[in-house]
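Take a look at the letters that make up each chain.
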Amino acid sequence: MNKVKKPVLQVKNMKKHFPIKGGIIKRTKNHVRAVDGISFDVQEQETFSLVGESGCGKSTTGRSILRLTEPTDGEVYFNGEEVLGCTQKEFRKYRKDMQMIFQDPFSSLNPRMTVKSLLLEPLMTHKLYSKKEALNKVYEIAERVGLSKEQVSRHPHEFSGGQRQRISIARALIMNPKLIILDEAVSALDVSIQAQILNLLIDLQKEFKLTYVFISHDLNVVKHLSDRIGVMYLGQMMEMTTTESLFNNPLHPYTTSLLSAIPSYDRNKKKDRIVLKGDVPDPANPPSGCPFRLRCPQAHELCETHKPVYQEVEDNHWVACHLYNEGIPERKRIRL
Amino acid sequence: MSNLLEINNLSIDVKIEKSYYNIVNRLSLSIAKKQKYGIVGESGSGKSLTSVAIMNLLADSLSVSEGQILFEETQELTTLSNKEMMKIRGKDISIIFQEPMTALDPIFTIEYQISEVLKIHFNHSKKEMREMIISILKDVGIPRPESIMKSYPHELSGGMRQRVVIAMALICKPKLLIADEPTTALDVTIQAQILELMNELTEKYDTSILMITHDLGVINETCERVAVMYAGEVVEESSVDSLFSHPKHPYTQGLLKSIHTLGDRSEKLYSIPGNVPTPTQLKKHGCRFASRCPHVMDLCKEETPPYVEVSEDQVSKCWLHTERGEYNEQGQKASVASEEYEKTFSD
Ligand SMILES: Nc1ncnc2c1ncn2[C@@H]1O[C@H](COP(=O)(O)OP(=O)(O)OP(=O)(O)O)[C@@H](O)[C@H]1O
Ligand SMILES: Nc1ncnc2c1ncn2[C@@H]1O[C@H](COP(=O)(O)OP(=O)(O)O)[C@@H](O)[C@H]1O
Ligand code: SF4
Ligand code: SF4
Ligand SMILES: [Mg+2]
Ligand SMILES: [Mg+2]
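Structural notes, computed from the coordinates.

Thresholds, definitions, all that
- Residues numbered from 1 in each chain as written.
- Chains lettered and ligands numbered in written order.
- Predicted model: local features only at pLDDT ≥ 70, side-chain atom pairs only at ≥ 80, totals over all residues.
- Heavy atoms only, no water.
- Contact = heavy atoms within 4.5 Å.
- Buried area = accessible area lost by both parts, 1.4 Å probe.
- Salt bridge = Lys/Arg side-chain N within 4 Å of Asp/Glu carboxyl O.
- Polar contact = N/O pair within 3.5 Å; in protein donor to acceptor, adjacent residues only side chain to side chain.
- Helix = DSSP H or I, 4+ residues; strand = E, 2+ residues; numbered from the N terminus.
- Nonpolar A, V, L, I, M, F, W, Y, C, P; charged D, E, K, R; others polar.
- Near = heavy atom within 4 Å.
- Areas by Shrake-Rupley, 256 points an atom, 1.4 Å probe, with all protein chains shown as cover.
- Pairing = 2+ DSSP bridges.
- Axes fitted to C-alpha atoms, helices over the stretch in contact; angles between N-to-C directions.
- Core = buried A, V, L, I, M, F, W, Y, C linked by side-chain atoms within 4.5 Å.
- Buried < 20%, exposed > 50% of the residue type's maximum accessible area, 1.4 Å probe, protein only.
- Parallel < 35°, antiparallel > 145°, perpendicular 65-115°, else oblique.
- Left-handed = near helix turned anticlockwise from the far one by under 90°.
- Phe/Tyr/Trp six-rings, centres within 6.5 Å; stacked < 30°, edge-to-face > 60°.
- Lys NZ or Arg CZ within 6 Å of the ring centre and 35° of its normal.

1. Considering the interface of chain A and chain B
Every contact between the two is made by 37 residues of chain A and, on the other side, 42 residues of chain B. Roughly 3,400 Å² is buried in total at the junction of chain A and chain B, and carbon and sulfur atoms are behind 51% of that figure. Among the residues chain A hides against chain B, the three largest losses belong to His 224, Tyr 265 and Arg 267 of chain A. Together they make up 24% of the total. The tally of links between chain A and chain B comes to two salt bridges. Measuring nitrogen to oxygen at the nearest pair gives 2.7 Å for the salt bridge that ties Arg 273 of chain A to Glu 221 of chain B. Inspection of the chain A/chain B interface yields 18 residue pairs in polar contact (both at pLDDT 80 or more). Elements with a minimum of two residues in the side of chain A that touches chain B: helix H7 (191-208), helix H8 (219-225) and helix H10 (253-261) of chain A. For the side of chain A that touches chain B, the residue count by class is 14 nonpolar, eleven polar and twelve charged.

Here it is as structure tokens:
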């Protein structure tokens with residue numbers, strides 16, 4: 001793909017630690033390290049996806065970038081400007097360009113408002129258009145996402161899950177954003193409806209030159225949509241590379257087992273499955289050394305004592321694992 | 001092979017404000033001993049209702065309006081009293097739900113809850129029960145069962161809880177295990193653990209499985225036969241092999257096509273247009289898939305399609321397989337549509 005390489009979003013060593021309070025005087029006893037120092041860039045008109053199991057910090061990362069929750073540490077650059085240092089009030093001018101779409105379209109839409117007023121609201125708060133212009137814009141965007149003029153005067157509960165997600169997309173789109181963070185945007189939808197929404201997202205991206213940060217636990221969907229993918233575990237980035245190399249040449253043992261766990265739709269190809277032992281550890285008490293070591297089939301002594309360095313082991317391919325301290329040995333190239 | 005469970009023409013109605021709407025329509029399927037059978041369908045297609053009806057646990061607003069559910073060829077489950085059903089539930093037929101907490105009581109220990117199940121059906125001593133519980137917890141892969149059995153559900157992770165629920169469902173060595181979306185609430189790595197575990201355990205205990213899921217991947221990995229449901233009806237019933245290699249019903253074809261184009265970025269993702277109809281939108285006559293079907297004919301909107309045996313181990317409910325459906329609106333021979341599909345599908 002011939003895309004101009006210019007980062008729209010840069011996240012540098014971002015952390016979000018939630019305090020756990022206890023005792024009568026509610027002293028902070030410990031912290032949930034929801035996001036524990038992650039970094040990535042997202043290029044213009046690119047789809048960058050974050051994947052990982054429940055609780056690994058994907059949503060917190062998305063919310064921290066938009067300052068819906070204030071990150072504990074780190075830097076975020078939007079179009080080259082640092083946006084964590086400024087006040088919430090100053091941050092508002094960036095917010096119009098950065099929108100978010102959530103998993104559950106119902107809870108994120110006010111049930112008492114009609115679709116028309118839901119779409120008008122953000123336009124009117126930012127005072128960008130006259131009422132008439134704004135209305136035209138509403139109809140234009142609604143039509144673009146597949147909602148008729150008649151449907152626009154209805155309430156969200158009169159719509160099916162897929163249609164509600166179209167409303168959320170319209171609401172994000174109407175501000176003419178550059179960046180949209182989509183948190184499990186299609187996860188609650190049925191397969192036949194999921195496909196409609198994914199096609200719509202891909203078309204809109206081309207048409208409006210959008211940059212997506214796509215958060216999902218569904219690797220099949222992520223594979224379809226992404227240019228690059230970051231794999232998270234316990235608040236940290238384990239591996240980050242292009243979609244193609246993640247699926248064809250996964251390096252990190254966690255990525256390999258995650259890929260092998262996807263139920264296959266192929267009747268003829270039975271997989272050699274790597275079944276991981278145990279569960280994800282508690283992010284308030286992460287293990288020493290490598291966060292994955294308690295479940296890693298290839299864990300060794302070094303993994304317990306030293307945290308692996310997150311490094312670029314080949315072009316555009318970042319990994320945090322001691323197996324690659326000396327680069328990539330030939331035999332480590334695992335093919336699924 | 002004799003059938004363990006046989007459902008004949010089961011219909012379930014729901015009462016909404018004094019009117020009755022049909023939500024499961026003339027569903028038939030049979031599960032052989034030791035067979036792994038799947039029901040797949042999108043949300044609201046009636047999968048859970050079917051499983052709840054087998055357990056004879058339908059809510060008051062719901063009623064079986066037609067049909068039978070035969071267990072071991074003699075017992076008609078829909079007509080049994082609650083007392084008679086109690087003897088079967090948990091012992092001959094067990095069920096696992098999507099959310100483990102629906103089966104677990106937060107205020108009792110794991111040991112207490114599993115022993116309650118045993119007490120209903122057997123007269124074991126305390127010591128015997130303890131040993132049985134430890135051994136089944138070991139079987140489902142719970143580490144340190146002696147101490148874990150003393151803990152409360154909230155002290156366990158989602159995956160561990162689902163293991164406990166499986167242990168509880170299997171402790172009386174049931175003949176049929178119904179698993180209603182048992183891994184939908186779990187992460188893929190935990191899902192893989194649980195599916196592998198279920199496969200192992202049902203082999204070990206000779207249990208038949210009814211696997212209910214919206215995920216064709218789960219069907220592919222666990223089942224031998226499958227029924228595809230759409231809007232309360234079985235639209236295709238088939239061996240899993242045939243379903244994946246030559247799906248016959250347009251809905252099944254659509255589902256598989258959208259899954260198979262997923263991941264292939266060069267191609268537009270195949271999608272089935274429109275939405276799943278809600279119970280109040282359903283018409284009495286005609287094909288329930290007609291509003292979304294790419295091969296729809298005038299006939300489909302007026303007359304309900306019959307079940308047709310389309311291959312030796314496959315039945316599909318569609319007019320295209322009959323003489324009356326030979327030509328569609330464009331005058332194109334309908335079987336051509338199906339061949340076309342298979343061509344795109346085999347590439
Ligand atoms: N407001 C909060 N207070 C305390 N802990 C929190 C808060 N929000 C999130 N966490 C914790 O931070 C960790 C990361 O949560 P997050 O919601 O980002 O995960 P996720 O990757 O989006 O998971 P999922 O796939 O389930 O949506 C979890 O352990 C979670 O319990
Ligand atoms: N207790 C109930 N009362 C009324 N309608 C119900 C009830 N349970 C389920 N339904 C309706 O029946 C249909 C099938 O539901 P269900 O079997 O739960 O679907 P699935 O498990 O396939 O997602 C849906 O339209 C649902 O809304
Ligand atoms: S650093 Fe060690 S424990 Fe961590 S993923 Fe690599 S091999 Fe496994
Ligand atoms: S009966 Fe008609 S509408 Fe229904 S699936 Fe067959 S062709 Fe399509
Ligand atoms: Mg989340
Ligand atoms: Mg259900």
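2. With respect to the site of ligand 1
Residue and element names in this part refer to chain A. Around ligand 1 lies a shell formed by Phe 18, Val 32, Ala 34, Ser 54, Gly 55, Cys 56, Gly 57, Lys 58, Ser 59, Thr 60, Glu 184 and Pro 283. Separating an oxygen atom of ligand 1 from a side-chain N or O atom of Lys 58 is a distance of 2.7 Å. The separation between an oxygen atom of ligand 1 and a polar side-chain atom of Thr 60 is 2.4 Å. Considered on its own, ligand 1 offers 640 Å² of accessible surface; in the complex 61% of this is hidden by protein. Those elements that provide at least two residues to the shell around ligand 1 are strand S2 (27-43) and helix H1 (58-65).

3. Notes on the sheet that holds strand S1 (residues 7-22) of chain A
All names here are of chain A. Strands sit in the order S2-S1-S4-S5 across an open sheet of four strands; the sheet is antiparallel. Edge strands, defined here as strands with exactly one partner in the open sheet, are S2 and strand S5 (81-82). Pairing analysis gives 13 bridges linking S1 to S2, with the strands arranged antiparallel. Within S2, the residue paired with Phe 18 across the bridge is Val 32. Across the sheet, H1 is in contact with S1, S2 and strand S4 (73-78); its angle to S1 comes to roughly 115 degrees.

4. Some words on the nonpolar core
Counting 67 residues, the largest nonpolar core has Leu 137, Ile 166, Ile 171, Met 198, Met 211, Leu 216 and Tyr 251 of chain B as its most contacted members. Considering every element that reaches this core, the biggest residue donor is helix H6 (residues 158-170) of chain B, with eight residues. When sequence neighbours within four positions are dropped, the list of residues in contact with Leu 216 of chain B reads Tyr 265 of chain A together with Val 40, Leu 243, Phe 244, Leu 255, Leu 256 and Ile 259 of chain B. Of all hydrophobic cores here, the second largest spans 64 residues; its members include Ile 193, Val 221, Leu 225 and Cys 290 of chain A.

5. A closer look at the site of ligand 2
Residues and elements named next belong to chain B. Every one of the 13 residues lining ligand 2 counts as a neighbour, but Gly 44, Gly 46, Lys 47, Ser 48 and Leu 49 are closest to it. Within the contact set of ligand 2, an oxygen atom lies 3.2 Å away from a backbone nitrogen or oxygen of Ser 45. Within the backbone of Lys 47, one N or O atom sits 2.8 Å away from an oxygen atom of ligand 2. Considering ligand 2 on its own, with 570 Å² of exposed area, one finds that the protein chains cover 65% of that surface.

6. Structural notes on the packing of helix H3 (residues 115-125) of chain A against helix H4 (residues 131-144) of chain A
All names here are of chain A. Packing of H3 against H4 brings their axes to within 10 Å, and their N-to-C directions diverge by 125 degrees. Classified by the angle their axes make, H3 and H4 are oblique. Handedness of the crossing formed by H3 with H4: right-handed. Residues Lys 116, Leu 119, Leu 120, Leu 123 and Met 124 of H3 form the contact with H4, whose own contacting residues are Lys 131, Ala 134, Leu 135, Lys 137, Val 138, Tyr 139 and Ala 142. Here the residues of the contact of H3 with H4 are counted per class, giving nine nonpolar, no polar and three charged.

7. Observations concerning the packing of aromatic side chains
Using the criterion set out here, one finds eleven aromatic pairs over all chains in the structure. Relative to Trp 318 of chain A, the ring of Tyr 310 of chain A has its centre 5.3 Å away and its plane inclined at 35 degrees; by these criteria the two rings are tilted. For Tyr 310 of chain A, a relative accessible area of 25% gives the class partly exposed. Under the relative-accessibility criterion, Trp 318 of chain A is labelled partly exposed at 28%. The aromatic ring of Tyr 307 of chain B is capped on one face by Lys 317 of chain B, whose charged end is 4.8 Å from the ring centroid. One residue, Arg 324 of chain B, lies across the ring of Trp 319 of chain B, its end atom 5.0 Å from the ring centre.

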